[in-house]
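Breakdown of the fold
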Amino acid sequence: MNLGVNLAGVQLKNPVMTASGTFGSGVEYSEFVDLNRLGAVVTKGVANVPWPGNPTPRIAEVTGGMLNAIGLQNPGIETFCKRDIPFLKQFDTKIIVNVCGKTTEEYLEVVERLSDEPVDMLEINISCPNVKEGGIAFGQNPCSVEEITKAVKKKARQPVIMKLSPNVTDITETARAAEAGGADVVSLINTLTGMKIDIHRRTFALANQTGGLSGPAVKPVAVRMVYQVSHAVKVPVIGMGGILTAEDAIEFLLAGASAVAVGTANFHNPSATLDIVRGIEEYMERYGMEQISDIRLR
Ligand SMILES: Cc1cc2nc3c(=O)[nH]c(=O)nc-3n(C[C@H](O)[C@H](O)[C@H](O)COP(=O)(O)O)c2cc1C
């Protein structure tokens with residue numbers, strides 16, 4: 001039995017990775033999780049310069065998940081390259097750096113800075129609902145998705161994953177635009193825009209008013225979108241959104257994902273990723289499957 005998957009020429013030992021922004025660069029989690037056992041670590045979004053993020057409160061629990069409006073707080077690419085990449089290089093796992101920006105030029109500055117770094121893939125976040133410019137503004141319009149993908153592909157030395165937003169009417173349009181722009185892989189879903197109001201304080205639960213919904217509540221939407229996108233494009237799909245258990249991950253693999261990412265689950269079960277790797281292995285054993293692609297619905 002072989003759990004390995006190949007994403008645009010990058011060989012992962014298994015299809016399980018962390019979802020950006022829920023695992024830092026693995027420093028805190030490495031006490032609980034043997035990072036050598038992950039298919040890949042996907043880092044928190046990094047920009048060309050440090051970003052302070054949004055005012056607090058920035059997270060709120062809701063039924064079946066959480067809302068966040070972190071606003072892509074990050075230390076900037078210089079600190080990231082000095083501090084986070086050397087840390088991750090100690091482990092036998094693939095490194096996927098999530099990139100954010102407010103303008104195309106800002107994204108490109110980060111992509112170019114990473115070209116000489118020992119990074120395996122880039123994930124371009126064009127789908128963050130929590131920043132005023134950039135982010136989702138790029139991700140909701142198929143024309144701008146294609147343009148920014150083309151621009152990134154011209155500069156990138158590593159394979160490029162475009163991370164798609166679920167906050168659109170038809171996600172296959174933006175997926176096709178990313179593919180047309182040259183994306184090597186697409187990942188989905190980012191968070192769904194939501195809002196919580198505190199009825200006693202009579203105000204918004206988040207200072208940003210709106211936030212991104214993640215966790216089990218979004219899973220059926222995510223599975224549907226992964227199914228649609230994996231039938232609309234030829235490039236591999238990384239599926240995520242509400243994965244807590246191996247059963248959840250397997251549902252995404254059945255829907256057509258080549259790999260999966262685990263986000264919000266890390267907050268209440270730091271070793272969720274490893275439980276999921278083990279569970280996928282047991283499932284394949286049980287049904288006599290040889291490789292991950294055998295799981296996919298035919
Ligand atoms: C606190 C938090 C921070 C996040 N930060 C990022 C980020 O920096 N870049 C990004 O592309 N997605 C970010 N996401 C989105 C997740 O990577 C993922 O797409 C989403 O949460 C759905 O997966 P989940 O339900 O397993 O959490 C963040 C999500 C959360 C909850």
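Residues numbered from 1 in each chain as written. Predicted model: local features only at pLDDT ≥ 70, side-chain atom pairs only at ≥ 80, totals over all residues. Heavy atoms only, no water.

Packing of helix 5 (residues 171–180) against helix 6 (residues 219–232) leaves a shortest axis separation of 9 Å and a crossing angle of 40 degrees. It follows from the interaxial angle that helix 5 and helix 6 lie oblique. Along this stretch, helix 5 crosses helix 6, giving a crossing that reads as right-handed. Within the contact between the two elements, helix 5 uses Ile171, Thr172, Ala175, Arg176 and Glu179 and helix 6 uses Met225, Gln228, Val229 and Ala232. For the contact of helix 5 with helix 6, the per-class residue count stands at 5 nonpolar, 2 polar and 2 charged. (Axes fitted to C-alpha atoms, helices over the stretch in contact; angles between N-to-C directions. Helix = DSSP H or I, 4+ residues; strand = E, 2+ residues; numbered from the N terminus. Parallel < 35°, antiparallel > 145°, perpendicular 65-115°, else oblique. Left-handed = near helix turned anticlockwise from the far one by under 90°. Contact = heavy atoms within 4.5 Å. Nonpolar A, V, L, I, M, F, W, Y, C, P; charged D, E, K, R; others polar.)

Okay, the pairing of strand 11 (residues 192–195) next. Alternating positions in strand 11 separate cleanly, Leu192 and Gly194 being buried on one face and Thr193 and Met195 remaining unburied on the opposite face. Looking at chain direction, strand 11 and strand 14 (residues 210–214) are connected through 4 bridges and run antiparallel. For Thr193, the partnering residue across the bridge sits in strand 14 and is Gly212. (Buried < 20%, exposed > 50% of the residue type's maximum accessible area, 1.4 Å probe, protein only. Pairing = 2+ DSSP bridges.)

Take the site of the ligand next. Taken together, 21 residues lie near the ligand, and Ser20, Lys163, Gly215, Gly242 and Thr264 sit nearest. A distance of 3.2 Å separates an oxygen atom of the ligand from a polar backbone atom of Gly45. When the ligand is considered free in solution it has 610 Å² of accessible area, and contact with the protein chains removes 97% of it. Class assignment of the residues belonging to the shell around the ligand gives a composition of 4 nonpolar, 15 polar and 2 charged. (Near = heavy atom within 4 Å. Polar contact = N/O pair within 3.5 Å; in protein donor to acceptor, adjacent residues only side chain to side chain. Areas by Shrake-Rupley, 256 points an atom, 1.4 Å probe, with all protein chains shown as cover.)

Now for the pattern of salt bridges. Once their charged atoms are close, side chains differing in charge can pair, the charge on each being opposite to the other. Under the definition given, this model contains 11 salt bridges. Between Glu112 and Lys155 there is a salt bridge whose closest N-O contact spans 3.9 Å. Placement of the pair is Glu112 in helix 2 (residues 104–113) and Lys155 in helix 4 (residues 142–155), with a sequence separation of 43 residues. The network of salt bridges with common partners includes Glu78, Arg113 and Glu117. (Salt bridge = Lys/Arg side-chain N within 4 Å of Asp/Glu carboxyl O.)

Moving on: the nonpolar core. Buried together is how nonpolar side chains tend to be arranged in soluble globular proteins. In this structure, Met17, Leu114, Ile124, Leu188, Ile238 and Ile280 are the most contacted members of the largest nonpolar core, which totals 91 residues. Dropping the residues within four chain positions of it, Met17 is found in contact with Leu7, Leu12, Ala40, Val42, Ile96, Ile238, Ala259, Val260, Ala261, Val262 and Thr273. (Core = buried A, V, L, I, M, F, W, Y, C linked by side-chain atoms within 4.5 Å.)

Right, let's get into unusual backbone geometry. Cis geometry marks the peptide bond from Thr56 to Pro57; its omega dihedral reads -5 degrees. Tracing the sequence through the fold places Pro57 in the loop between strand 4 (40–42) and strand 5 (59–62). Here the amide bond leading from Leu188 into Ile189 is cis, since omega sits at 15 degrees, within 30 degrees of zero. Mapped onto the secondary structure, Ile189 falls in the loop between strand 10 (185–188) and strand 11. At Leu72, a residue that is not glycine, the phi angle is positive and equals roughly 55 degrees. Relative to the helices and strands, Leu72 is located in the loop between strand 6 (65–68) and helix 1 (77–89). The exposure class assigned to Leu72 is buried, which follows from its relative accessible area of 7%. Not every positive phi belongs to a glycine, and Gln209 is a case in point at roughly 70 degrees. The topology assignment puts Gln209 in the loop between strand 13 (203–204) and strand 14. For Gln209, a relative accessible area of 39% puts it in the partly exposed group.

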